[in-house]
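# Close look at the chain arrangement
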Amino acid sequence: MATSDSKTYKVLVIGDASTGKTSLTHRYLTGIFVDSVRLTIGVDFFSKRIKRNNERIKLQIWDFGGEERYRFLLPTYSKGANGALILYDITRQRTVQTIPEYVKIVREAAGDIPILLIGSKIDLEEYREVTRDFGINIAKSNSLSSFVEISSKDNINVDETFDTLIDLIMS
Ligand code: GDP
Ligand code: MG
């Protein structure tokens, strides 16, 4: 009997502290089967089985602590990744400054995998410091695969973010 082996995709969720990585991950996983394991200080590890484009996929989501003191973990844990989400907070301009550094680390560890740039917290429009055009330009200048603005709080573009990344990984 053909029970097709499901592929495993390792997805990194990266960005400065409090950019909304854990909120995004939880929002995406909420209400669906979730294995949650505390792997080590600084990284949370989640796993989810999905079906996409008629293929069964096991997603491994690595939610990194954005704190500077955990950044040393990033190169090692990025190895073998299939895709990455790099978050910044649209209400804090300084959270875009670290993006090139994250891109470099991911590229060195995992090669030319799809990376999506994510501007988070668009429900806080009145506090916006980073324009949408600025985000698009950062994505372009760092040769990232795609750009999307999201709100985990209002559930805007959460599923779409992961669907887009998975489609890019599969293509
Ligand atoms: P992390 O450090 O990147 O994992 O960020 P967290 O997910 O812990 O979120 C940091 C803070 O931002 C928390 O207080 C969250 O409630 C808040 N936050 C996360 N996502 C959103 C969002 O979409 N909208 C708003 N208004 N707040 C958010
Ligand atoms: Mg977190």
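Here the structure is shown first, and the text comes after it.
## Concerning the side chain of Q60
Along the chain, the position of Q60 falls in strand β4 (residues 55-64). By relative accessible area, which is 18% here, Q60 ends up buried. Contacts of Q60, omitting those with residues within four sequence positions, involve T8, Y9, K10, V11, F45 and F46.

## Focus on the pattern of salt bridges
Taken as a whole, this structure holds nine salt bridges when the rule is applied. A salt bridge links D89 to R92; its shortest N-O distance comes to 3.0 Å. Considered together, D89 and R92 belong to a single accessibility category, that of buried residues. As a salt-bridge pair, D112 and R107 come within 3.5 Å of each other at their nearest N and O atoms.

## Details of unusual backbone geometry
A positive phi angle, close to 55°, is found at S143, a residue other than glycine. The class for S143 is exposed, based on a relative accessible area of 57%. For N155, which is not glycine, the phi dihedral falls at a positive 55°. Residue placement: N155 occurs in the loop between β7 (146-149) and α5 (158-170).

## Section: the packing of aromatic side chains
In this structure the tally under the stated criterion is four aromatic pairs. Ring centres 3.8 Å apart and planes at 10° place the aromatic pair Y28 and F162 in the stacked group. In this pair, Y28 is assigned in helix α1 (residues 21-29) and F162 in helix α5, connecting sequence segments 134 residues apart. Each member of the pair, Y28 together with F162, is buried.

## Topic: the environment of R132
If you trace the backbone, R132 turns up in helix α4 (residues 132-141). According to the relative accessible area criterion, R132 is partly exposed, its value standing at 43%. As for R132 and G119, which are separated by 13 residues in sequence, their C-alpha atoms are 8.1 Å apart. Beyond its immediate stretch of four places on either side in the chain, R132 contacts F147 and E149.

## Some words on the pairing of strand β1 (residues 7-15)
In summary, the side chains of a regular strand alternate between the two faces of the sheet. Taken across its nine residues, β1 has seven buried, putting it largely inside the fold. Relative to β4, β1 runs parallel, the two sharing seven bridges. Pairing of V13 across the sheet is with D63, part of β4. As paired elements, β1 and strand β5 (residues 83-89) share five bridges and run parallel to each other. Bridging across to β5, G15 finds its partner in L87.

## Side note on α4
Three- or four-residue spacings in an α-helix give side chains the same orientation, since the helix completes a turn every 3.6 residues. Three or more residues of α4 are buried, namely G135, I138 and A139. The buried residues of α4 occupy one face: seen down the axis, they fall within an arc of 100°. Exposed and facing more than 90 degrees away from the buried side of α4 are D133, K140 and S141. Close packing links the buried residues of α4 with β5, α3 (99-110), β6 (115-120) and β7. Once α4 ends, the next one or two residues include S143, with phi positive near 55°.

What counts as what
- Residues numbered from 1 in each chain as written.
- Chains lettered and ligands numbered in written order.
- Predicted model: local features only at pLDDT ≥ 70, side-chain atom pairs only at ≥ 80, totals over all residues.
- Heavy atoms only, no water.
- Helix = DSSP H or I, 4+ residues; strand = E, 2+ residues; numbered from the N terminus.
- Buried < 20%, exposed > 50% of the residue type's maximum accessible area, 1.4 Å probe, protein only.
- Contact = heavy atoms within 4.5 Å.
- Salt bridge = Lys/Arg side-chain N within 4 Å of Asp/Glu carboxyl O.
- Phe/Tyr/Trp six-rings, centres within 6.5 Å; stacked < 30°, edge-to-face > 60°.
- Pairing = 2+ DSSP bridges.
- Arc of directions from axis to C-beta.

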